[in-house]
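Coordinates in review
Spelled out, the chains give:
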Amino acid sequence: MPLFTIAIVGAGPAGYFAAQALHNLQNEERIFAIDMIERLPTPWGLVRSGVAPDHPKIKTVAKVFEKIAADPNFRLFANVEIGSEITVEQLQEKYDAVVIATGSSLGKTLGIPGENLLGSMSAADFVPWYNAHPDFADIQVLLNCDTAVVIGAGNVAMDVARMLALEPSELDTTDTADHAIAALKTSAIRDVYISARRGPEHAAFTSPELRELPKLEHTNVVMNKADVEAAVVRAGAEPEKDVKSNLDAMLLIADSQKSEHERTMHFLFQHTPKEILGSDKVEGIVYSTPEGDVTIKCGLIVTAIGYQAAGIDGVPYENGKVVNTDGRVKDNLYVVGWAKRGPSGVIGTNKSDAAAVVELIVSDLTSPKGSGDISELLTNQVVIDQFAWQKINEAEVAAGEAKSKPRIKLIKREDFQKIAGV
Ligand code: NAP
């Protein structure tokens, strides 16, 4: 039976769902051997380093990933970077198809004065910092101020604002990085502003995320009811379902505001960032609003205004995405997930997205090339394979159990290798 070899670059949700779709299309005429290659020592992508630690249910999708990885024709090569020592072209030569699933890891920038001041950072750095991503453990996060501003009205902005505004001991039973919990416990921040440049009817939050806000046990959430009511009028008699659901959730927030807690999350609408103030570090931000310019004094600004894909040599990029037509890039190169369509949708969106691309891949396949095998290209790399990853996974979960956490994530590459025995 023809055996086709497929390399998937990137072990996040899009990569796993591509592997699953390939698996589902196996029949008596073809089977697939899948090598998944990942730059980090660990798989799971944003499920590990993006999803907010106080949203453990979202992370249960990792069980699906591990089921996919249990297929005998699936191999994991973590801790192996493509683009430097091993090129995309080399993979294309060896494999019947190569699928880029590397997501969007770079934060978009505002392009306003002051953006590069100390204390102004992107969610693309802040989120992996609190999620124990090895590359971000040592970044500087200025928490010695009373006010933080989060720019953007999407779910990432919401995650960031919550992480800054929660009572930090609420994170003790989560898999937040220990360094982040320790830093947040010394944080002086008590007011967190989350700012949208348009009105509530245009916010990119999803309503489950809004609906959990009145349930926060140690944080006040403040939203101006007049802002929401005006948005309801602007949205008209028949708003789209998602818009209506969001506006209903916002009315609920506006109606159930508390003031007894030490920490407060404030929503600002129709606030367009104009300038970040400060000489050697952030001191405030100027917004233009329909009522004129408004300044908010703050010492930390986190932008959560979308992401773009980081480039890999040999892969064409444009506007923050891999250049593609429905997932086809060139020759036997394909792309799935955020690297293909940009940073949109929830984790599950990647399932249908990957399945559609995999159908194209399968329709393009003719006869197998032979033995696609990345092992032949490995020289100095210390590979963490599925077996080694399982040891890491078990060790992290066991370490967490003792402290009532889902896991304690390892951070240093040498620790991963030690636990994995590689
Ligand atoms: P997003 O949903 O696209 O939101 C980006 C926000 O940034 C928008 O409100 C946008 O406003 C704003 N923005 C863009 N450029 C701006 C600028 N120059 N100045 C001010 N604001 C600007 O992106 P995201 O929050 O990064 O999330 C990415 C995807 O991951 C989304 O699909 C999200 O739902 C998903 N996600 C889901 C969860 C979850 O399910 N819990 C958690 C995190 C992320 P405009 O609309 O005005 O452009």
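The rules behind each value
Residues numbered from 1 in each chain as written. Predicted model: local features only at pLDDT ≥ 70, side-chain atom pairs only at ≥ 80, totals over all residues. Heavy atoms only, no water. Pairing = 2+ DSSP bridges. Helix = DSSP H or I, 4+ residues; strand = E, 2+ residues; numbered from the N terminus. Axes fitted to C-alpha atoms, helices over the stretch in contact; angles between N-to-C directions. Domains from an automatic or database assignment. Contact = heavy atoms within 4.5 Å. Buried area = accessible area lost by both parts, 1.4 Å probe. Salt bridge = Lys/Arg side-chain N within 4 Å of Asp/Glu carboxyl O. Polar contact = N/O pair within 3.5 Å; in protein donor to acceptor, adjacent residues only side chain to side chain. Parallel < 35°, antiparallel > 145°, perpendicular 65-115°, else oblique. Nonpolar A, V, L, I, M, F, W, Y, C, P; charged D, E, K, R; others polar.

The sheet built from three strands is open, its strands ordered β11-β12-β13 with antiparallel pairing. Looking at the sheet topology across the chains shown, the edges are occupied by β11 (272–277) and β13 (292–297). The sheet shows a mean angle of 25° between the axes of neighbouring strands, taken without regard to direction. Relative to strand β12 (residues 284–289), β11 runs antiparallel, the two sharing five bridges. In the strand pairing of β12, Thr 272 is matched with Ser 288.

One can read the domain layout of the protein as domain 1 (3–105 + 308–383) and domain 2 (109–301). Centre-to-centre, using C-alpha coordinates, domain 1 lies 33 Å away from domain 2. Taken together, the 13 residues of domain 1 in the interface contact 17 residues of domain 2. Where domain 1 abuts domain 2, roughly 1,200 Å² becomes buried across the two surfaces, and 50% of that area is made up of carbon and sulfur atoms. Asp 175 is the salt-bridge partner of Lys 59, the closest N and O atoms lying 3.1 Å from each other. There are eight residue pairs in polar contact (both at pLDDT 80 or more) connecting domain 1 and domain 2.

Before going further, it helps to examine the packing of helix α13 (residues 386–401) against helix α14 (residues 413–420). Two elements in contact, α13 and α14, have axes separated by 8 Å at closest approach and are oriented at 105°. Put simply, α13 runs roughly perpendicular to α14. Contact residues: α13 offers Ala 388, Lys 391, Ile 392, Ala 395 and Glu 396, while α14 offers Phe 416, Ile 419 and Ala 420. By residue class, the composition of the contact of α13 with α14 is six nonpolar, no polar and two charged.

Take the side chain of Lys 59 next. Mapped onto the fold, Lys 59 is located in the loop between α2 (46–49) and α3 (62–69). Only 3.1 Å separates the side chain of Lys 59 from the side chain of Asp 175, close enough to count as a polar contact. What Lys 59 contacts, discounting residues up to four positions off in sequence, is Val 47, Arg 48, Val 51, Ala 52, Pro 53, Asn 131, Asp 175 and Lys 409.

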